[in-house]
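Okay, here's what each chain looks like letter by letter:
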Number of protein chains: 2
Amino acid sequence: MKSVKSPEELVVAFRAAGLKVTPQRQLLFRLLHGNEMHPTAETLYEVASAEMPGISLRTVYQTLTDLAAMGELQHIQLGGAARFDPNVDDHHHSVCDACGDVRDVYAPNPDHVSVAGLDGFSVRAARIVFSGKCPRCAGAADDLSVSKQ
Amino acid sequence: MKSVKSPEELVVAFRAAGLKVTPQRQLLFRLLHGNEMHPTAETLYEVASAEMPGISLRTVYQTLTDLAAMGELQHIQLGGAARFDPNVDDHHHSVCDACGDVRDVYAPNPDHVSVAGLDGFSVRAARIVFSGKCPRCAGAADDLSVSKQ
DNA sequence: CCCTAATTCGCAATGCTTGCGAATTAACAA
DNA sequence: TTGTTAATTCGCAAGCATTGCGAATTAGGG
Ligand SMILES: [Mn+2]
Ligand SMILES: [Mn+2]
Ligand SMILES: [Zn+2]
Ligand SMILES: [Zn+2]
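Heads up: these notes are all about the structure in this document. (Residues numbered from 1 in each chain as written. Chains lettered and ligands numbered in written order. Predicted model: local features only at pLDDT ≥ 70, side-chain atom pairs only at ≥ 80, totals over all residues. Heavy atoms only, no water.)

### Points about the coordination of the zinc ion (ligand 3)
All names here are of chain A.
And step 1. Donor atoms from the polypeptide that coordinate the zinc ion (ligand 3) comprise C96 (SG), C99 (SG), C134 (SG) and C137 (SG), at 2.2 to 2.3 Å from the metal.
And step 2. For the zinc ion (ligand 3), the four donor atoms in the first shell make angles of 105 to 114° at the metal, a pattern classed as tetrahedral.
And step 3. Summarised as a motif, the one-chain spacing of the donors to the zinc ion (ligand 3) is C-x2-C-x34-C-x2-C.
And step 4. Residue classification places C134 among the buried residues on the basis of a relative accessible area of 5%. (Donors = N, O, S within 2.8 Å, 3.2 Å for Na, K, Ca; no water. Tetrahedral: all angles 85-135°; square planar, octahedral: opposite > 155°, others 65-115°. Buried < 20%, exposed > 50% of the residue type's maximum accessible area, 1.4 Å probe, protein only.)

Below, the structure written as structure tokens:
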């Protein structure tokens, strides 16, 4: 279970890579650390703006791209805006059809032997997405009053 | 292994749903039948245009949306343009990092018992995406001469 | 303190998809 | 066949997410 890098470690990693450590980046390092919400760039931008008015969405995207390039962040494409995950551990996700909530799921990796159709394909990663209803939304039946989280 | 509906069956299904059967739709039914390329709307539009000049991209999107709503088509989000899959069987995909090629993969469904983090989540579907290098691109090593398929 | 390459950030541009509405047409009934 | 009408087509504008660009600013080393 590879642990997520702390803001301090990211500062070191950035400087080691010849990248500068700006207040904007430090803020984002903090907002991401231990963040299990799988936020979008826009969401992070809103939270960051509260603490640092004037930070730009462009800079948020830039920093997220840098972090992803350094392997400190996972870029998750589920349709709609990309989600970013500071948990770079090998794990999977559940996505609620009703409220969009994304959560971590740990499952044994698909064993390549019992898989048909991978002939000659060299697998770098195998990611599972579980779609369905989260406990909150499943409980509420087809009640439309459940607001998007 | 649920088989894919034929163009003729789709004609019946459309009329049954109160939808009209236009030449544009019939063309798309044919182009999709047995299609294992996981095409984008744009790709389908190009192929369709060759046979029916003047067909609009808007209509392609419209028809794909209708088919997906009827459950005759899978909408696959992998980042970038959505891909459409007339194979509505329960299956998975491999995606080549180098050329973008998408292929069907059949694997036993993740067994819910050995999965941690799904507490109370009611799973509708579990989809695996295998990322890596397809046989063609793996063979070519890091050779950049491999053109996008 | 200075220098400079890296960064920020606003704005324009891109790529993909959907909304809208006027003109057309499939399907059904007379 | 012909008429009626609701569904469809399709071009264009708009929307959303993301990236390109470049002038102004700034981190960090000398
Ligand atoms: Mn995660
Ligand atoms: Mn498929
Ligand atoms: Zn939910
Ligand atoms: Zn390939």
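Let us keep going from here.
### Side note on the packing of helix α2 (residues 23–32) of chain B against helix α4 (residues 57–69) of chain B
Think of two packed helices as two axes; the pair is described by the angle between the axes and how far apart they sit.
Residues and elements named next belong to chain B.
And step 1. Where α2 meets α4, the closest approach of the two axes is 10 Å, and the angle between their N-to-C directions is 65°. One element, α2, and the other, α4, form an angle in the roughly perpendicular class. Between α2 and α4 the crossing geometry is right-handed. Contact with α2, carried on its side by Q24, R25, L28, F29 and L32, involves T59, V60, T63, L64, D66 and L67 of α4 and no other residues of that element. (Axes fitted to C-alpha atoms, helices over the stretch in contact; angles between N-to-C directions. Helix = DSSP H or I, 4+ residues; strand = E, 2+ residues; numbered from the N terminus. Parallel < 35°, antiparallel > 145°, perpendicular 65-115°, else oblique. Left-handed = near helix turned anticlockwise from the far one by under 90°. Contact = heavy atoms within 4.5 Å.)

### Comments concerning the coordination of the manganese ion (ligand 2)
All names here are of chain B.
And step 1. Within the protein, H38 (NE2), D85 (OD), H91 (NE2), H93 (NE2) and D104 (OD) serve as the donor atoms for the manganese ion (ligand 2), at 1.9 to 2.2 Å.
And step 2. When the donors of the manganese ion (ligand 2) are listed by position in the chain, the intervening gaps give H-x46-D-x5-H-x1-H-x10-D. Here D85 lies in strand β2 (residues 83–85) and H38 lies in the loop between α2 and α3 (41–51), a separation of 47 residues in the sequence.
And step 3. The buried category is assigned to H38, whose relative accessible area is 1%.

### Looking at the relation of the copies chain B and chain A
And step 1. In screw terms, the move from chain B to chain A is a rotation of 180° and a rise of 0.0 Å along the axis, fitting with an RMSD of 0.1 Å. Put plainly, the chains are arranged around a two-fold axis. The rotation axis passes nearest to the C-alpha of B:I128 in chain B, at a distance of 2.1 Å.
And step 2. The fraction of interface residues of chain B whose copies in chain A are also interface residues reaches 100%, indicating that both copies meet through the same surface. (Least-squares fit on C-alpha atoms with pLDDT ≥ 70 in both.)

### Details of helix α2 (residues 23–32) of chain A
All names here are of chain A.
And step 1. Among the residues of α2, those classed as buried are R25, L27, L28, F29, L31 and L32.
And step 2. Buried positions along α2 lie against α1 (7–16), α3 (41–51) and α4 (57–69).
And step 3. Two residues or fewer past α2, G34 is found with a positive phi of approximately 75°.

### Considerations on the protein's contact with DNA strand D
And step 1. Contacts to DNA strand D come from 18 residues, most closely from A:R15, A:K20, A:Y61, B:T22 and B:R25.
And step 2. Those atoms of DNA strand D that come within 4 Å of the protein belong to sugar or phosphate at a rate of 71%.
And step 3. Side-chain polar atom of A:K20 to a base nitrogen of DNA strand D: 2.7 Å apart, as the coordinates give it.
And step 4. B:T22 has a polar side-chain atom sitting 2.4 Å from a phosphate oxygen of DNA strand D.
And step 5. For the surface near DNA strand D, the elements supplying multiple residues, two or more each, are α4 of chain A together with α2 and α4 of chain B.
And step 6. Here the residues of the surface near DNA strand D sort into seven nonpolar, five polar and six charged. (Near = heavy atom within 4 Å. Polar contact = N/O pair within 3.5 Å; in protein donor to acceptor, adjacent residues only side chain to side chain. Nonpolar A, V, L, I, M, F, W, Y, C, P; charged D, E, K, R; others polar.)

### Observations regarding the interface of chain B and chain A
The accessible area lost on association of the parts is a frequent measure of interface size.
And step 1. The interface is formed by 35 residues belonging to chain B together with 35 residues belonging to chain A.
And step 2. Regarding the contact of chain B and chain A, the summed buried area is about 2,600 Å², with carbon and sulfur atoms giving 59% of it.
And step 3. Of all residues in chain B, B:F121, B:F130 and B:S131 give up the largest surface area on contact with chain A, accounting jointly for 21% of the area buried on that side.
And step 4. For the interface between chain B and chain A, the tally reads two salt bridges.
And step 5. Between A:D97 and B:R124 there is a salt bridge, and its shortest N-O distance comes to 2.9 Å.
And step 6. At the boundary of chain B and chain A, one finds twelve residue pairs in polar contact (both at pLDDT 80 or more). (Buried area = accessible area lost by both parts, 1.4 Å probe. Salt bridge = Lys/Arg side-chain N within 4 Å of Asp/Glu carboxyl O.)

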